[in-house]
Amino acid sequence: MMLPGTQKTDYYKAHLFTLFTCLWFVGFIAGEKAPALLSISMIGQVLSIILLSHPKKLWINFVANKSMLLFSLSFVFLLISFFYSENLKYLGERLQIKLPILLYALVWPSIGPLNTKQLKTIFYTLITVCVISTAGILTNYALHFDEINQLYLQSKIMPGPINHIRFSLLIVFSTYA
């Protein structure tokens, strides 16, 4: 299928974003087993939008979206603290953590609409990843039934791929997806 320049760019932007979003779900569940996958997928999401969008259009979309603009203003306080702090190592750590969130605020308005097929792909990936990880947890429970029940008696949690609260929320979300 031959697409004109702008449509071709939008096509690649939407499909790359969809691919990296699906990888993000896998990386989120993989957690400690594959910590780089989560970072790679987030970088891929941001780069797929930045590299395939005109910088002027990226900026115009960002400024036009008042909620993202207001959200980004909260980072101004961090930058102002740079001038009043001598602990530059701590400031560097804070910037390293918060810069990806700021980049998401910048690129989110420029993602553009995803079609139904892409949304279904994202949701089916989420559901598949959750079903596979839940099956793995249930298999582990069946294999180590007595040990896990003993952990419950000691007020411990069942071992899982990520924090049990986040995992539970992800399962609930995928159930409603």
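Residues numbered from 1 in each chain as written. Predicted model: local features only at pLDDT ≥ 70, side-chain atom pairs only at ≥ 80, totals over all residues. Heavy atoms only, no water.

Trainee: So what about the overall build of the chain? Which residues, and what values?
Mentor: Tallying secondary structure elements over the chain gives 9 helices and 0 strands in all. Reading the helices (α) and strands (β) of the chain from amino to carboxyl end gives α-α-α-α-α-α-α-α-α. Against the globule reference of 16 Å for 177 residues, the chain gives a C-alpha radius of gyration of 20 Å, more extended than a compact globule. Burial statistics for the chain: of 177 residues in total, 25% are counted as buried. Here the chain has roughly 12,300 Å² of accessible surface; of this, 70% comes from carbon and sulfur atoms. (Helix = DSSP H or I, 4+ residues; strand = E, 2+ residues; numbered from the N terminus. Rg over C-alpha atoms; globule rule 2.2 N^0.38 Å. Buried < 20%, exposed > 50% of the residue type's maximum accessible area, 1.4 Å probe, protein only. Areas by Shrake-Rupley, 256 points an atom, 1.4 Å probe, with all protein chains shown as cover.)

Trainee: Residue-level account of the state of the cysteines, with values.
Mentor: Enumeration over the complete set of coordinates arrives at 0 disulfides. Cysteine C22 is unpaired, with the sulfur of C130 as its nearest cysteine sulfur at 12 Å. Among the residues examined, C130 registers a relative accessible area of 2% and is labelled buried. (Disulfide = S-S within 2.5 Å.)

Trainee: So what's going on with the packing of aromatic side chains? Residues and values would help.
Mentor: On inspection of all chains with the given rule, the structure shows 8 aromatic pairs. Aromatic side chains F71 and F75 sit 5.6 Å apart centroid to centroid with 80° between the ring planes, which places their arrangement in the edge-to-face category. The class for F71 is partly exposed, based on a relative accessible area of 38%. Among the aromatic side chains, those forming a connected cluster through ring pairs are W24, F25 and F28. (Phe/Tyr/Trp six-rings, centres within 6.5 Å; stacked < 30°, edge-to-face > 60°.)

Trainee: How would you summarise the nonpolar core if you had to cite specific residues and measurements?
Mentor: The nonpolar side chains of a soluble globular protein tend to be buried with one another. Grouped together as the largest cluster of nonpolar side chains are 20 residues, with contacts concentrated most on I29, I49 and L114. Those elements giving two or more residues to this core turn out to be α1 (5-30), α2 (35-50), α6 (88-107), α7 (116-143) and α9 (164-176). In this structure L114 touches A14, F17, T18, L119 and I122, once residues within four positions along its chain are discounted. (Core = buried A, V, L, I, M, F, W, Y, C linked by side-chain atoms within 4.5 Å. Contact = heavy atoms within 4.5 Å.)

Trainee: Can you lay out the pattern of salt bridges for me, pointing to particular residues and giving the numbers?
Mentor: Inspection of the entire model under this criterion finds 1 salt bridge. In this structure, the salt-bridge partner of D10 is K13, at a minimum N-O distance of 3.8 Å. Of this pair, D10 and K13 both sit in helix α1, 3 residues apart, which is roughly one turn of that helix. Overall, the relative accessible area of 38% leaves D10 in the partly exposed class. Its relative accessible area of 9% is what places K13 among the buried residues. (Salt bridge = Lys/Arg side-chain N within 4 Å of Asp/Glu carboxyl O.)

Keep in mind these numbers describe shape, not what the thing actually does.
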